[in-house]
Amino acid sequence: MTSSYRRLDSSCSTVLLEVPGQEPPSGLPRILYWGASLAENEQPENLARALNRPALQGGLDDAVPLTLSPSLANGFPGQPALIGHRKGRDALPGFHEVDLIETGNSWKIEAKDAKAGLSLDIVISLTGDSNVLTMTTRLSNIGATDYDLQWCAAATLPVPASYQEILSFNGRWCGEFQTARRKVPMGTLMRENRRGRTSHDSFPAMILGTEGFDEVCGAVLGAHLAWSGNHRVLHERLPDGTRQLQMGELLLPGEVILAPGETYSSPEVCFSFSEEGLGGLSHNFHSFLRSEVLPEQTRSPRPVTLNTWEAVYFDHAPEKLARLADLAAQVGVERFVLDDGWFKDRNSERTALGDWVLDEQKYPQGLDPLIAQVEGLGMEFGLWVEPEMVSPDSDLFRAHPDWILHLEALQEPTGRYQHVLNLTKPEAANYLFDSLDTLLKRYPIRYLKWDMNRDLSHQADGRSFVTGQQTKALYALIDRLRARHPLVEIESCASGGGRADFGILRRTHRIWASDSNDAHDRQSIQQGFSLFFPPEIMGAHIGPMHCHTTGRRLDLDFRAITAFFGHFGLEADLTQLTADELDKVANYIALHKDCRPILHGGKVLRQVLEGGRVLVFGAISNDRTEAMVSYAVLEQTRDGLTAPLRLTGLRSGATYRVRAINRPRDPGRRMKNMPDALFNGELLMSGSALASAGLQIPVLDPDTALLLQVSIAATKKQ
Ligand code: GLA
């Protein structure tokens, strides 16, 4: 059968779609090619001929293409993109009536099987500059009876055979965004998440790369599902070499039963590839988020934050908070966030969630005096809330025990001593809207830390699962509040980074990357986080010297340098800091403010050295004239001296001044002398020397870091 072809181009890539039949098309299309830009006059028919896969002996008589919705209907033996049935029928729709509508840089493929009573819409778009391909899928029941949908992949992408390694995510509370890398296995590598929120352990993404890919070398392909609920993410390799990536919402039994006329809409999958390793891939995703996803306010300087949690916990003594505000302003903080503990009877984690009114015993004159002080000191005021939750010991629960997600006749296990409100109940969602709206109208709150501290276990409304609807209801609640209070910024926190994804980021302004303020742990958490997310939305605080989540004792420079690159803040009892320590904090904050345009608008630079004992993190300005780089030693290195640090991405012909901001702790312990030039501002190097020769970093103790500032001193005369 002859096929027709469609083409989309971004600034650096081309997608070719092969559509069976001419006008009208007569079957589901397949992605023939997505890769580096092809010549304008490339003939897709020729490429199709060149890539033609012979049918193998022992198999079906015609080679089976991986269409946009692979299925046994056309002989595809692997994971289908659609699983569902109508009381045992219509499980294998053959979508032969196909329409393709092209608008701008998008295709909408409308496919129908009237006999099976199903229609399928797939939308594919390619963004111009960031080289991100997005896909969504909708399935409609156009039949006369209910259709039980069990799986509808949001996207299916063919994976070229050159990608030999796969990187997936794991993690835990206080240890998010850890990565595992392996050779692409035969069969399926699948990650499923049933926690009802994005999860700490299974960030919905995968990266594939050519053998040995690293931060700057190798071709890599990344995919992320923009969704804050259950998910399934899989890579499959079949014995004939066919490979696919599929991602979508994991549906619980009976969760989606489409009545006649109803439609299921999937979340969006975002794909990108780069031939410049993980650094290039991250840059694509960061640019995409910056230009297409993140709310407008994230483009303005991210205010340095003080969060009260690890300073006072539930002990909200007015004098202590006033003292914290004074010290915060003194060191240069721009936003003061009052964390958990401010509302009625909230004296421990066991009570009061749901009762969003002020604790008048702690705040007899309301929040006004504190807010007036905070604003008088030139800071914004922010407040912690956890709207989706209710404590069994709360007025709300006593009045509406039926407002929680629950499975009929089963007692739900509590998590952090709390239950989850059923946001799909309009009365519960309206109650939350009204409570938050009242607070935001009553007080000049510029920022909400929106927390969510447990997995969803009984993801049901009595007898049926509602997880996906709950996620959509959450999005709707946030959207409604933002429409009413457009200037209020929101942080997505779920016991740290348990709800970090592009779906929540369409409506929130930053993510609390982890409850661990331990800089040692944060180093790898932040490296993993930054693979998909840019630094300006990464909440990162200087925590207490004695880390509350791990018990480690870490010096101030290490804690400050680790938090420096993100949406910077403090979360420690400043009243316990010495005058020298406060000065040091103030200096880091001042430097951060100076460098903010580079840190939060530039290109991220990462390196994993010495098998992970050393992590390098940095940002280079878009005009490549400035860079800030941290070199963090997490464990004793193998050799006495590590290899010189090489920095790529600067202008090769330009001369840069390289200066260390801080000094190694007790250098005499390991070195008889120090490479002085790095510390006295006299080190001048060309961009090419920095990239090819590098610079020797002095020996650092484990759990310490060096912050380097690289600024252009002169450009080469033309
Ligand atoms: C969660 C958050 C913390 C803090 C506490 C308050 O654990 O992740 O940052 O806000 O709740 O109870």
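Details of the structure are given in the entry above.
Residues numbered from 1 in each chain as written. Predicted model: local features only at pLDDT ≥ 70, side-chain atom pairs only at ≥ 80, totals over all residues. Heavy atoms only, no water.

**Quick notes on unusual backbone geometry**
Okay, so step 1: Positive phi is not limited to glycine here, since C174 has a value of about 65 degrees.
Okay, so step 2: Although it is not a glycine, A409 sits at a positive phi angle of roughly 70 degrees.
Okay, so step 3: Within the fold, A409 resides in the loop between β25 (406-407) and β26 (419-420). (Helix = DSSP H or I, 4+ residues; strand = E, 2+ residues; numbered from the N terminus.)

**Let's talk about the pattern of salt bridges**
Pairing is possible between side chains that carry opposite charge, provided their charged atoms lie close to one another.
Okay, so step 1: Enumeration over the complete set of coordinates arrives at 47 salt bridges.
Okay, so step 2: Put simply, D555, R665, D666, R669, R670 and D701 are held in one network by salt bridges that share partners. (Salt bridge = Lys/Arg side-chain N within 4 Å of Asp/Glu carboxyl O.)

**As for the side chain of N230**
Okay, so step 1: By the element assignment, N230 lies in the loop between β15 (220-226) and β16 (231-237).
Okay, so step 2: Within the structure, the side chain of N230 is placed 2.7 Å from the backbone nitrogen of G196, a separation counted as a polar contact.
Okay, so step 3: Ignoring anything within four residues of it in the chain, the contact list for N230 reads N193, R194, R195, G196, G248, E249, L250, L252, Q459 and T467. (Polar contact = N/O pair within 3.5 Å; in protein donor to acceptor, adjacent residues only side chain to side chain. Contact = heavy atoms within 4.5 Å.)

**Thoughts on the sheet that holds strand β39 (residues 704-714)**
Okay, so step 1: Spatial ordering of the open sheet is given by β34-β35-β36-β39-β37-β38, a layout of 6 strands whose pairing is antiparallel. Only two strands of the sheet have a single partner each, and these edge strands are β34 (603-609) and β38 (683-686). Along the sheet, successive strands turn relative to each other by an average axial angle of 25 degrees, direction set aside.
Okay, so step 2: In the sheet, strand β35 (residues 614-620) pairs with strand β36 (residues 626-633) via 7 bridges, with the strands oriented antiparallel. Among the inter-strand pairings, F617 is bridged to a residue of β36, identified as S630. (Pairing = 2+ DSSP bridges. Axes fitted to C-alpha atoms, helices over the stretch in contact; angles between N-to-C directions.)

**Considering the sheet that holds strand β18 (residues 256-258)**
Okay, so step 1: The strand order β4-β9-β18 describes an open sheet built from 3 strands, whose pairing is antiparallel. Two strands close off the open sheet at either side, each with one partner strand: β4 (82-85) and β18. Neighbour-to-neighbour, the strand axes of this sheet turn through a mean angle of 30 degrees, independent of strand direction.
Okay, so step 2: For β4 and strand β9 (residues 147-152), the ladder comprises 4 bridges, and the chain directions are antiparallel. What sits directly across from G84, in β9, is L149.

**Description of the packing of aromatic side chains**
Any aromatic ring pair is given by two values, namely how distant the centres are and how the planes are angled relative to each other.
Okay, so step 1: Tallied over the entire structure, the rule returns 25 aromatic pairs.
Okay, so step 2: Here the aromatic rings of F285 and F502 are separated by 6.1 Å at their centres, their planes lie at 65 degrees, and the arrangement is edge-to-face. Of the two residues, F285 sits in helix α2 (residues 277-293) while F502 sits in helix α9 (residues 502-505), which places them 217 residues apart along the sequence. The pair formed by F285 and F502 is uniform in burial state, with each residue classed as buried.
Okay, so step 3: The ring centre of Y417 lies 3.8 Å from the NZ or CZ of R350, which sits over that ring. (Phe/Tyr/Trp six-rings, centres within 6.5 Å; stacked < 30°, edge-to-face > 60°. Buried < 20%, exposed > 50% of the residue type's maximum accessible area, 1.4 Å probe, protein only. Lys NZ or Arg CZ within 6 Å of the ring centre and 35° of its normal.)

**Focus on the site of the ligand**
Okay, so step 1: Taken together, 13 residues lie around the ligand, and D339, D340, R416, K449 and D515 are the ones closest in.
Okay, so step 2: G496 is positioned with one of its backbone polar atoms (N or O) 3.4 Å from an oxygen atom of the ligand.
Okay, so step 3: Residue D515 places a side-chain N or O atom 2.4 Å away from an oxygen atom belonging to the ligand.
Okay, so step 4: When the ligand sits alone it has 310 Å² of accessible area, and the protein chains cover 96% of it.
Okay, so step 5: Taken together, the residues that form the shell around the ligand break down as 4 nonpolar, 3 polar and 6 charged. (Near = heavy atom within 4 Å. Areas by Shrake-Rupley, 256 points an atom, 1.4 Å probe, with all protein chains shown as cover. Nonpolar A, V, L, I, M, F, W, Y, C, P; charged D, E, K, R; others polar.)

**Side note on the environment of D521**
Okay, so step 1: Mapped onto the elements, D521 comes out in helix α10 (residues 519-529).
Okay, so step 2: Since its relative accessible area comes to 16%, D521 is described here as buried.
Okay, so step 3: Residues D521 and I697, spaced 176 residues apart in sequence, show a C-alpha to C-alpha distance of 22 Å.
Okay, so step 4: Ignoring any residue separated from it by four or fewer positions in sequence, one finds D521 in contact with C174, S516, T550 and R552.

**Some details on the side chain of R197**
Okay, so step 1: Looking at where R197 falls in the secondary structure, it is placed in the loop between β13 (187-193) and β14 (205-209).
Okay, so step 2: A residue is classified by how much of its surface remains accessible, and R197, at 5% relative accessible area, is buried.
Okay, so step 3: In terms of polar contacts, R197 uses its side chain to reach the side chain of D455, at 2.8 Å.
Okay, so step 4: Setting aside residues up to four positions removed in sequence, R197 forms contacts with S228, G229, M452, N453, R454, D455, A494, S495 and G498.

Keep in mind these values describe shape, not function.
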